[in-house]
Amino acid sequence: MAGKPARPVNAIDQTRRMLSLVTYLRERPGARIADVARAFGISEDELVADLDLLPMCGTSFRGGDLLDIDTDGERIWWHNPAALGEEAAEPLRLAADEATALLVAARAVSTLPGLRESDRQALLRATAKVETAAGEVAGASSRLSVTFESEGGVFADVDRAISERRRLWIRYYSPARDEVTEREIDPIRLVSVGHTYVEAWCRRSEARRTFRLDRVAEIRILDEPSAPPEIELRDLSEALVQPAAEDPEVVVEVGPGGRWVAEYYPHDSADELPDGGLRITLRTPDPASLRRLALRLGRDGRIVSPPELADSARSAAGQALAAYDVPPVAVRGAGGGDERPE
């Protein structure tokens, strides 16, 4: 088998490829994996991933209607190609709520900025067919609308840049430094872990970085080709922040009102304290970024070590309080307000 994919995975491109793959395999029983991968310009690992997904597709979720495709490691076999034949097809029947949801979603997606015109036109043609089939339901759906937040436009531009392998220019807000910076990035893939992010190679830092889409203040697709170095894609299913063993260790003590820290931050340990709080040990490549955490915690927590970070956080909190004429005695360890994460 070949190694990991040499190019980023894009959901739209993968969908197009799998639709073509169904027709290709139906006409070539027993096709060799190496030949099929070569024909589609993908790695054998990418092809096997598609083959793992295809058996979940079909005209319905009844056993005989799902695609029965498997491989012996060398060849690909389709045991029920007639499942997609005209004789097996049944008219599509949508309930009123299903048709309404489908039409509203289709119209909303067709307005996304950055959507390729060919895709937009194909979506509008499909929507027109559904409207005809839905009859009176289509009229009800026309009274509903969906408005995407700005993240939707950013998503479309990032998705297009990945598809067309082009570089991006962004203005990005970094909460850890409380500043907006301009960067050129080579996008690698879109990921969703609570929020939607783009994993990319940052030309400013010359390193892999992950950017949250709702923190992108401005975005432009550049004419320069995207050329990220070949890097191993990480498993981000657990968390985006994955500290390394060699990263500096930070110890934070929180009261009952600060126990949320253990849920939001990957950590090595979280020991119970007598007052119902936690003593949390975590690692981070940038300990200074945790000053903002100390200010959020206020009376609900403090940084214990390293001492220089605790002093820095205490100083920052004192300066913030001084600006509001609040006596410094209100600070507990590395105090501040009672702000909570949104």
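The rules behind the values
- Residues numbered from 1 in each chain as written.
- Predicted model: local features only at pLDDT ≥ 70, side-chain atom pairs only at ≥ 80, totals over all residues.
- Heavy atoms only, no water.
- Pairing = 2+ DSSP bridges.
- Helix = DSSP H or I, 4+ residues; strand = E, 2+ residues; numbered from the N terminus.
- Phe/Tyr/Trp six-rings, centres within 6.5 Å; stacked < 30°, edge-to-face > 60°.
- Buried < 20%, exposed > 50% of the residue type's maximum accessible area, 1.4 Å probe, protein only.
- Lys NZ or Arg CZ within 6 Å of the ring centre and 35° of its normal.

- The protein is annotated in an unreviewed UniProt entry as WYL domain-containing protein from Streptomyces sp. 900105245.

## Overview of the sheet that holds strand E3 (residues 75–78)
Piece 1. Taking strand neighbours across the sheet as the criterion, the 3 strands line up as E1-E3-E2 in an open arrangement whose pairing is antiparallel. The open sheet has two edge strands, strand E1 (31–32) and strand E2 (69–71), and neither has a second partner.
Piece 2. With 2 bridges connecting them, E1 and E3 associate as antiparallel partners. Note that in E3 the partner of alanine 31 across the bridge is isoleucine 76.

## Comments concerning the packing of aromatic side chains
Piece 1. Per the counting criterion, the structure on display carries 2 aromatic pairs.
Piece 2. Their ring planes at 75° and their centres at 5.3 Å tell us that tyrosine 24 and phenylalanine 40 sit as a pair that is edge-to-face. Of this pair, tyrosine 24 sits in helix H1 (residues 11–26) while phenylalanine 40 sits in helix H2 (residues 33–40), and the two are 16 residues apart along the sequence.
Piece 3. Relative accessible area serves as the criterion here: at 18%, tyrosine 24 is assigned to the buried category.
Piece 4. The partly exposed category is assigned to phenylalanine 40, whose relative accessible area is 22%.
Piece 5. Over the face of the ring belonging to tyrosine 24 we find arginine 28, whose NZ or CZ atom lies 3.9 Å from the ring centre.
Piece 6. A cation over a ring is seen here: arginine 220 above tryptophan 169, with NZ or CZ 4.0 Å from the ring centre.

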